[in-house]
Amino acid sequence: MRYLDDVSVGERASFGSYQVTREEVLAFAGRYDPQPFHLSDEAAAATHFGRLAASGWHTCAMTMAMFVEHMKAHPQASLGAAGVDELRWLKPVYPGDTLRCETEVLEVTPSRSRPDMGSVRTRMTTFNQKDEPVLSFVARGLMQRRPAAAPEA
């Protein structure tokens, strides 16, 4: 288990592989972001996308799915997230793309009011198969501190 005390500024991780499918792009858009360029080849062709593109929110969801899988393989004493800043959709994501993620720890801050926890600011970037960044944001996650050792008897 990784705790706040184990995290250092500058740490990087690279993980994930997510194949974007046409069916998933259409299903997500139909339910959550039913704009024409996410639902129709013809409508998308008339926009700057040029072809059917995934919703930016779908890109966020695919990124989250890769992050959760990474956390399962590398357990952390996570207490959830406290927010996201600087969210940017940098390039369209298309059916057929393969996505991956990279993170960089920007800041580690023990809590002044809760000595058992703290926060970690991390930049998350999602890339396509051409290594082009398609999504970037800064997340603040909450983590437990390493429990104090029990006194010896």
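Our structure's up above, just so we're on the same page.
Figured I'd write up the structure that's included with this text.

Basis of the calculations
Residues numbered from 1 in each chain as written. Predicted model: local features only at pLDDT ≥ 70, side-chain atom pairs only at ≥ 80, totals over all residues. Heavy atoms only, no water. Pairing = 2+ DSSP bridges. Helix = DSSP H or I, 4+ residues; strand = E, 2+ residues; numbered from the N terminus. Core = buried A, V, L, I, M, F, W, Y, C linked by side-chain atoms within 4.5 Å. Buried < 20%, exposed > 50% of the residue type's maximum accessible area, 1.4 Å probe, protein only. Contact = heavy atoms within 4.5 Å. Phe/Tyr/Trp six-rings, centres within 6.5 Å; stacked < 30°, edge-to-face > 60°. Salt bridge = Lys/Arg side-chain N within 4 Å of Asp/Glu carboxyl O. Axes fitted to C-alpha atoms, helices over the stretch in contact; angles between N-to-C directions. Expected span 1.5 Å × (residues − 1). Polar contact = N/O pair within 3.5 Å; in protein donor to acceptor, adjacent residues only side chain to side chain.

Observations concerning the pairing of strand E5 (residues 133–144)
Strand direction decides the pairing type here: strand E2 (residues 78–89) and E5, joined by 7 bridges, are antiparallel. Bridge assignment links Val84 to a residue of E5, and that residue is Ala139. In terms of strand pairing, strand E4 (residues 117–127) meets E5 through 11 bridges, oriented antiparallel. What sits directly across from Thr122, in E5, is Ala139. Linking two consecutive strands that pair antiparallel, namely E4 and E5, is a turn of 5 residues; a positive phi of about 60 degrees is found at Asp131 within it.

Concerning the nonpolar core
In this structure, Tyr18, Val20, Met62, Met66, Val93 and Leu99 are the most contacted members of the largest nonpolar core, which totals 16 residues. Setting aside residues no more than four positions away along its own chain, Val20 makes contact with Val25, Met62, Val93, Tyr94, Pro95, Gly96, Asp97 and Leu99. Ranked by size, the runner-up nonpolar core spans 5 residues in total, among them Leu4, Val7, Val120 and Met143.

Side note on the packing of aromatic side chains
Taken as a whole and assessed by the stated rule, the structure comprises 4 aromatic pairs. Seen in terms of ring centroids, Phe37 and Phe49 are 5.0 Å apart; in terms of plane orientation they differ by 40 degrees. Their pairing is tilted. Pair noted here: Phe37 is in helix H2 (residues 36–39) and Phe49 is in the loop between helix H3 (41–45) and helix H4 (56–73), with a separation of 12 residues, a long-range link. A centroid spacing of 4.9 Å and a plane angle of 80 degrees characterise the contact between Trp57 and Trp89, whose relative ring orientation is edge-to-face.

Let's talk about the pattern of salt bridges
Oppositely charged side chains are able to pair whenever their charged atoms sit close together. The final tally for this structure, using the stated rule, is 12 salt bridges. Salt-bridge contacts for Arg145 lead to Asp5; the nearest nitrogen and oxygen are separated by 2.7 Å. Taken together, the residues span a long stretch of sequence, with Arg145 in the segment after E5 and Asp5 in the segment before strand E1 (12–19) at a distance of 140 residues. Residue Arg145 is classed as partly exposed on the basis of its relative accessible area of 29%. For Asp5, a relative accessible area of 38% corresponds to the partly exposed category. Where Glu69 meets Lys72, a salt bridge forms, and the shortest distance between an N and an O atom there is 3.1 Å. Pair noted here: Glu69 and Lys72 are both in helix H4, with a separation of 3 residues, about one helical turn.

Regarding the sheet that holds E4
Taken in spatial order, the 5 strands make up an open sheet running E1-E3-E4-E5-E2, and their pairing is antiparallel. Because the sheet does not close on itself, it has two edges, and the strands there are E1 and E2. Here the average twist between neighbouring strands, direction ignored, is 25 degrees. Along the sheet face, H4 touches E1, E2, strand E3 (98–110), E4 and E5 and points at about 120 degrees away from the line of E1.

Quick word on H4
Taking 1.5 Å per residue, 18 residues should reach 26 Å; H4 reaches 26 Å between its end C-alpha atoms and fits that length. Of the positions making up H4, those classed as buried are Gly56, His58, Thr59, Cys60, Met62, Thr63, Met66 and His70. Along its buried surface, H4 packs onto E1, helix H1 (22–32), E2, E3, E4 and E5. The backbone nitrogen of Trp57 has a side-chain oxygen 3.1 Å away, supplied by the residue at the start of H4, namely Ser55.

Considering the environment of Phe127
When you line up the elements, Phe127 lands in strand E4. For Phe127, a relative accessible area of 13% translates into the label buried. Here the alpha-carbon distance between Phe127 and Leu26, two residues 101 residues apart in the chain, equals 21 Å. Among residues more than four places away in sequence, those in contact with Phe127 are Thr98, Leu99, Arg100, Glu102, Glu132, Pro133 and Val134.

Function-wise, these values are silent; they only describe arrangement.
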